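Coordinate inspection notes
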Amino acid sequence: MNCPFCQQEMEDGVLQSTHGMYWLKDPVRFPIKPSCRKEAQPVFTMETARDFPFIRGHRCLNCHAIVIDPE
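Rules of the game
Residues numbered from 1 in each chain as written. Predicted model: local features only at pLDDT ≥ 70, side-chain atom pairs only at ≥ 80, totals over all residues. Heavy atoms only, no water. Pairing = 2+ DSSP bridges. Helix = DSSP H or I, 4+ residues; strand = E, 2+ residues; numbered from the N terminus. Axes fitted to C-alpha atoms, helices over the stretch in contact; angles between N-to-C directions. Buried < 20%, exposed > 50% of the residue type's maximum accessible area, 1.4 Å probe, protein only. Polar contact = N/O pair within 3.5 Å; in protein donor to acceptor, adjacent residues only side chain to side chain. Contact = heavy atoms within 4.5 Å.

This paragraph deals with the sheet that holds strand β1 (residues 10-16). Ordered by their spatial adjacency, 3 strands build an open sheet running β1-β4-β5, and the pairing between neighbours is antiparallel. Looking along the sheet, the strands with just one partner apiece sit at the ends: β1 and β5 (66-68). Strand-to-strand twist of the sheet, defined as the mean angle between neighbouring strand axes without regard to direction, takes the value 35°. Note: β1 against strand β4 (residues 54-60), 7 bridges, orientation antiparallel. Pairing of Val14 across the sheet is with Arg56, part of β4.

This is the structure we're talking about:
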């Protein structure tokens, strides 16, 4: 996949966290957890209960953009 911003080749990979990843319009600050916000939408996949959550995507080594796969 080519980067939609700089047109360079992107590498495949995953964004991974030891906790959930959430989409919010604005970031939250400690001590509030993102998952506590009503509008927080989870955007991760867990294969099993023992796995860390992740989402597949592509990273541009040139401009550092990250594109998340829709599935």
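Bringing the pairing of β4 into the picture now. When you tally the buried positions in β4, you get 5 out of 7 residues, the bulk of the element. Relative to β5, β4 runs antiparallel, the two being bridged by 3 bridges. Pairing of His58 across the sheet is with Val67, part of β5. The hairpin formed by β4 and β5 contains 5 residues between the paired strands, and His64 there has a positive phi angle of roughly 70°.

On the secondary structure map, His58 appears in strand β4. Among the polar contacts made by the side chain of His58, one reaches the side chain of Asp69 at a distance of 2.7 Å. In this view, His58 contacts Met1, Met10, Glu11, Asp12, Ala65, Ile66, Val67 and Asp69; residues no more than four positions away in its chain are not counted.

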